[in-house]
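Next come the chains, spelled out residue by residue.
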Amino acid sequence: MKNIYVKDILKLVNAELIVGNQELICENFSKDTRIIKENDIYIGIKGKSFDGSLFWEEALKKGASCAIIENINITEEEKQRYSNKTIIKVDNTLEVLYSIARFKRELYNIPVIAITGSVGKTSTKDIVANVVSNKYKTLKTEGNNNNNIGLPFTILKLREHEALVVEMGMNHLREISLLTSIAKPNICIITNIGTSHIGNLGSRENILKAKLEILEGAENPIVVVNNDNDLLHEWYENNKQNWNIKTYGINNKSDYNAEDIELNGASSNFTCTIKGNKEKIKVPVGGEHFVLNSLCAITVGTELKIDSKSIIEGIENFELTQKRMDINQLENGIKVINDAYNASLESMKASLKYLSKFENCRKIAVLGDMFELGDYSKELHKKVGEEVANNKIDLLICNGENSKYISSEAEEHGMQKENIYQLESKEKILELLKNILISGDIVLFKASNGMKFFELVNEISKEEFWK
């Protein structure tokens, strides 16, 4: 393991050692006193509505060996009380976090794969990391920790790892620029350019601009793009002489194409030419978007010189992060698709298309609002309603201020009014589901995370709910 010492932190930033040992090894970092562990290095992050530095003493009492704090005055009595600990005072703990993470990253000469895109970042991360881990000891972003705090803390977990797969999210311009300056990836993946956060960024072209910031922190990277996405395809055509770009796709001719695709409810099959040989690949999750994710993983695996067998095994046995296309069968024979973590037009379309592939069952979509769409909100919710009708969903249940446009547009495109429910609360949804669901039904839950549709999934998954 490549160690970071307190003395390294003192050199990196404008810091004052209040008390403690410059030779202390800083191994595990934490920002949460609720889960702090023995000998952790506590960083008191200051946010909009809280100041983590105020909890420095609690962190030390719970076992932290060091606390890094900002704008806190330590009394002589407190210095004496914690003379066996280390306390570092800095101007800005967030900037210190970035600096330590950059320092840690520079200690490792390993493949760093960074993933961004409007949708599919987390599932792509999961499948890419599983492929890479068949050759390298791999660290990956946990859950959805893809922002300016989650990414640095992920990098600080590097130990004896031989590869790193990180996810980069954003809501505004210049956010990915910061993340890539810390991670310094040598493989940059852009999954697609859609409409997520279009309310903040104003246009898909600006979303593309924000995603392309991933290249700013990379030196001569391999750039991996979804060639079926219209804006990425155009960018590739205009920039293929300037960057080392590898493409994957289903419709457009790419470096890695899926052929002979078979889409089933719970899985998919396709063939792809890998290292000159046509290989058959089974994806353990249904949906065309997971075929694309698999192609991305094949691209990365090939570039990292992972053998074909290991690439295929990595795809066939990967597991998704929870709340993303989780499929569970309840004891009463009802199937539940929990895709309630987030939502955009693109992910809604993919989920509805996936739901439509299930046969010999009643297909029910429980849909809620998509957030951060600004002036585009009405238009994009209406497009979701059109997709509901086009995919011949049997029952539609909606909740949320803008979901009324989903309902009205589904009816406008031919869905029977008696099969559409616009409900004002989660309680009403649960009441309806309890009365109408029967064995064999399959139910999709999809909305932006703020709608908290995962609570609905949790409730109907309880045995007592059906009594």
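Our structure's up above, just so we're on the same page.
Now for a quick tour of the structure. Please read all numbers here as calculations on a predicted model, not as lab measurements.

So, on to the sheet that holds strand 9 (residues 187-190). With parallel pairing, the seven strands of this open sheet are ordered in space as 7-8-6-9-10-11-12. Looking at strand neighbours, the two that pair on one side only are strand 7 (138-140) and strand 12 (256-257), the edges of this open sheet. Bridge analysis of strand 6 (residues 112-116) against strand 9 gives four bridges, and the strand direction is parallel. Residue pairing across strands places A114 opposite C188, the latter belonging to strand 9.

This part is about the side chain of T93. Assignment of secondary structure puts T93 in helix 4 (residues 93-106). With a relative accessible area of 0%, T93 lands in the buried category. Separated by 2.8 Å, the side chain of T93 and the backbone oxygen of G44 make a polar contact. Residues contacting T93, with those up to four places away along its chain left out, are I43, G44, I45, K46, S53, I68, I69 and E70.

On to the packing of helix 9 (residues 204-211) against helix 10 (residues 230-239), then. In contact at an axis separation of 11 Å, helix 9 and helix 10 are set at 60 degrees when each is read in the N-to-C sense. In this view, helix 9 runs oblique relative to helix 10, as classed from their interaxial angle. Handedness of the crossing formed by helix 9 with helix 10: right-handed. Residues R204, E205 and L208 of helix 9 touch helix 10, and the partners they reach there are D230, L231 and L232. Looking at the contact of helix 9 with helix 10 residue by residue, the classes come out as three nonpolar, no polar and three charged.

Of note, the phi angle at K184 is positive, near 45 degrees, even though the residue is not glycine. Located in the positive-phi region is K452, a residue other than glycine, with phi close to 60 degrees. Within the secondary structure, K452 sits in the loop between strand 21 (442-446) and helix 17 (454-460).

Taken in spatial order, the five strands line up as 1-5-4-3-2 in an open sheet, and their pairing is mixed. With partners counted over all chains shown, the strands left at the sheet margins are strand 1 (15-19) and strand 2 (29-30), one partner each. As paired strands, strand 1 and strand 5 (residues 86-90) are joined by four bridges and run antiparallel to one another. Looking across to strand 5, one finds that E16 is bridged to K89.

Reading the values: the criteria
Residues numbered from 1 in each chain as written. Predicted model: local features only at pLDDT ≥ 70, side-chain atom pairs only at ≥ 80, totals over all residues. Heavy atoms only, no water. Pairing = 2+ DSSP bridges. Helix = DSSP H or I, 4+ residues; strand = E, 2+ residues; numbered from the N terminus. Buried < 20%, exposed > 50% of the residue type's maximum accessible area, 1.4 Å probe, protein only. Polar contact = N/O pair within 3.5 Å; in protein donor to acceptor, adjacent residues only side chain to side chain. Contact = heavy atoms within 4.5 Å. Axes fitted to C-alpha atoms, helices over the stretch in contact; angles between N-to-C directions. Parallel < 35°, antiparallel > 145°, perpendicular 65-115°, else oblique. Left-handed = near helix turned anticlockwise from the far one by under 90°. Nonpolar A, V, L, I, M, F, W, Y, C, P; charged D, E, K, R; others polar.

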